[in-house]
Amino acid sequence: MSNENTSCLKGVGLTKIFGSGKKSVLAVDHVDFDFKNGEVISIVGESGSGKTTLSKMLLGLTSVTEGKIYFQGKERDISTRAKQKEYWKGIQAIFQDPFSSYNIFTKVDGVLLDCLKMRGKGNLPREEKYQLMKEACRFVNLEFDELTNKYPFELSGGQMQRLMIARVFLLKPQILLADEPTSMIDACSRSTILDMLMKLRDETNMTIIFITHDIGLAYYISDSVYIMEHGIFVEHGTSDDMLMHPKVPYTKRLISDVPKIYEAWDLDSITV
Ligand SMILES: Nc1ncnc2c1ncn2[C@@H]1O[C@H](COP(=O)(O)OP(=O)(O)OP(=O)(O)O)[C@@H](O)[C@H]1O
Ligand SMILES: [Mg+2]
């Protein structure tokens with residue numbers, strides 16, 4: 001397990017420009033950050049502020065125009081397919097739309113088996129693999145025996161999301177990047193998902209990077225909050241600092257937009 005306060009993911013002058021010439025879009029503009037092992041970080045900004053573009057750069061799914069990324073203290077190298085695969089053992093993502101995350105021709109047991117293979121457990125005896133998959137399903141309140149022969153599209157939306165977390169449970173990445181399922185999910189399943197992610201974080205010391213529009217939610221779940229506006233981190237700090245002593249007008253506006261429902265949230269009271 002990694003130590004707290006050591007650098008997990010660091011960016012220096014990270015920049016993404018789409019296109020070139022007059023039509024080019026500066027989506028991420030020289031951002032700097034240093035996320036620590038075991039931290040929960042939220043990146044908050046309005047639509048179009050560059051959050052997804054930044055996460056795709058962190059995941060190595062889109063090229064970096066300028067700047068550097070350091071993973072566990074070393075400059076990231078994903079120049080070959082093998083190095084890329086190695087990097088993805090360390091960083092995994094869950095996306096807004098669970099439907100897009102699965103290969104439709106792979107049944108649930110295949111989805112989970114792939115995770116075991118990625119962790120080098122593909123050659124374990126059949127019974128041991130079965131037990132690990134069952135344990136992962138139990139963690140997210142899914143019944144493995146009922147689902148094993150189903151395709152992901154035969155699951156309900158909530159089951160599919162829980163399957164996504166079961167994958168993370170098996171993969172145990174050092175970093176989990178979650179591009180927040182905002183409008184797609186009702187508040188109840190959202191809190192269930194968050195609850196499970198936090199439990200996983202407590203058990204594995206995983207770093208979670210949460211991407212959201214919602215500064216109230218960010219305050220609720222994170223240690224550090226980064227505010228993104230037009231591709232720039234305009235301010236960052238502990239979640240208490242950001243909410244109690246916001247400095248820039250953009251952050252103040254985001255806070256004033258928050259409905260007051262979070263005060264009434266109690267994750268423990270929600271069952272699956
Ligand atoms: N592939 C692309 N080609 C050109 N421009 C792009 C591309 N992807 C994103 N952009 C532009 O980059 C900017 C940032 O987009 P991005 O998707 O990162 O925003 P976001 O903060 O994730 O927004 P949302 O909250 O709506 O998901 C936007 O102006 C967008 O139009
Ligand atoms: Mg986005």
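That block above? That's the structure.
Residues numbered from 1 in each chain as written. Chains lettered and ligands numbered in written order. Predicted model: local features only at pLDDT ≥ 70, side-chain atom pairs only at ≥ 80, totals over all residues.

A. Up close: the sheet that holds strand E5 (residues 74-75). As summarised here, the arrangement of the four strands in space is E2-E1-E4-E5, forming an open sheet in which the pairing is antiparallel. Of all strands in the sheet, those bounded by a partner on one side alone are strand E2 (25-36) and E5. In this sheet, E5 lies alongside strand E4 (residues 66-71) in antiparallel orientation, the contact comprising two bridges. Within the sheet, the bridge partner assigned to Tyr70 lies in E5 and is Glu75. (Pairing = 2+ DSSP bridges. Helix = DSSP H or I, 4+ residues; strand = E, 2+ residues; numbered from the N terminus.)

B. Representation of the site of ligand 1 within the structure. Ligand 1 sits among Phe18, Val25, Ala27, Gly45, Ser47, Gly48, Ser49, Gly50, Lys51, Thr52, Thr53 and His213. Of all the secondary structure elements, the ones that give two or more residues to the shell around ligand 1 are E2 and helix H1 (51-59). The element best represented in the shell around ligand 1 is H1, accounting for three residues. (Near = placed C-beta within 6 Å.)

C. Geometry of the sheet that holds strand E10 (residues 232-238). Spatially, six strands are ordered E6-E7-E8-E3-E9-E10 in an open sheet, and the strand pairing comes out mixed. Because the sheet does not close on itself, it has two edges, and the strands there are strand E6 (91-94) and E10. Neighbour-to-neighbour, the strand axes of this sheet turn through a mean angle of 20°, independent of strand direction. Inspection of the sheet shows strand E9 (residues 224-229) paired to E10 by six bridges, in the antiparallel sense. Looking at E10, one finds that Val225 is bridged to Gly237. Where H1 meets the sheet, its contacts fall on strand E3 (40-44), E6, strand E7 (175-179), strand E8 (207-212) and E9, and the angle it forms with E7 comes to roughly 155°. (Axes fitted to C-alpha atoms, helices over the stretch in contact; angles between N-to-C directions. Contact = placed C-beta atoms within 7 Å.)

D. Quick peek at helix H6 (residues 157-171). Taking 1.5 Å of rise per residue, the 15 residues of H6 would be expected to cover 21 Å, and the 21 Å separating its terminal C-alpha atoms lies within 8% of that figure. Most of H6 is tucked away, with 12 of its 15 residues classed as buried. Along H6, the positions that sit buried rather than exposed are Gln159, Gln161, Arg162, Leu163, Met164, Ile165, Ala166, Arg167, Val168, Phe169, Leu170 and Leu171. Note on H6: the residue one or two positions beyond its end, Lys172, has a positive phi of about 40°. (Expected span 1.5 Å × (residues − 1). Buried ≥ 20, exposed ≤ 12 C-beta atoms within 10 Å, placed from the backbone.)

E. The arrangement of the packing of helix H3 (residues 108-118) against H6 in detail. Here H3 crosses H6 at 25°, and the two axes come no closer than 8 Å. Here H3 is positioned roughly parallel relative to H6, judged by the angle of their axes. As H3 packs across H6, the resulting crossing turns out to be right-handed. Contacts between H3 and H6 pair Val108, Val111, Leu112, Cys115, Leu116 and Met118 from the former with Leu163, Ala166, Arg167, Leu170 and Leu171 from the latter. Looking at side-chain class alone, the contact of H3 with H6 contains 10 nonpolar, no polar and one charged residues. (Parallel < 35°, antiparallel > 145°, perpendicular 65-115°, else oblique. Left-handed = near helix turned anticlockwise from the far one by under 90°. Nonpolar A, V, L, I, M, F, W, Y, C, P; charged D, E, K, R; others polar.)

F. Looking closely at the nonpolar core. Counting residues in each nonpolar core, the largest one holds 61 residues, and the members touching the most others are Ile165, Ala166, Ile209 and Phe210. With near-sequence residues (within four places) excluded, Ile209 lies in contact with Phe35, Ile41, Ile43, Ile175 and Leu177. (Core = buried A, V, L, I, M, F, W, Y, C linked by C-beta atoms within 7 Å.)

G. Geometry of unusual backbone geometry. Non-glycine residue Gln72 carries a positive phi angle of around 50°. Here Gln72 is to be found in the loop between E4 and E5. If you check the backbone angles, Asn205 has positive phi at about 60° while not being a glycine. Inspection of the secondary structure assignment puts Asn205 in the loop between helix H7 (187-204) and E8. Given 17 C-beta atoms within 10 Å, Asn205 falls into the partly exposed group.

H. The environment of Leu170, seen in detail. Mapped onto the secondary structure, Leu170 falls in helix H6. A C-alpha to C-alpha distance of 6.4 Å links Leu170 and Ala136, two positions 34 residues apart in sequence. Leaving out residues up to four positions away in the same chain, Leu170 has contacts with Leu112, Cys115, Leu116, Arg119, Leu132 and Ala136.

Without other data, these values stay purely geometric and don't point to any function.
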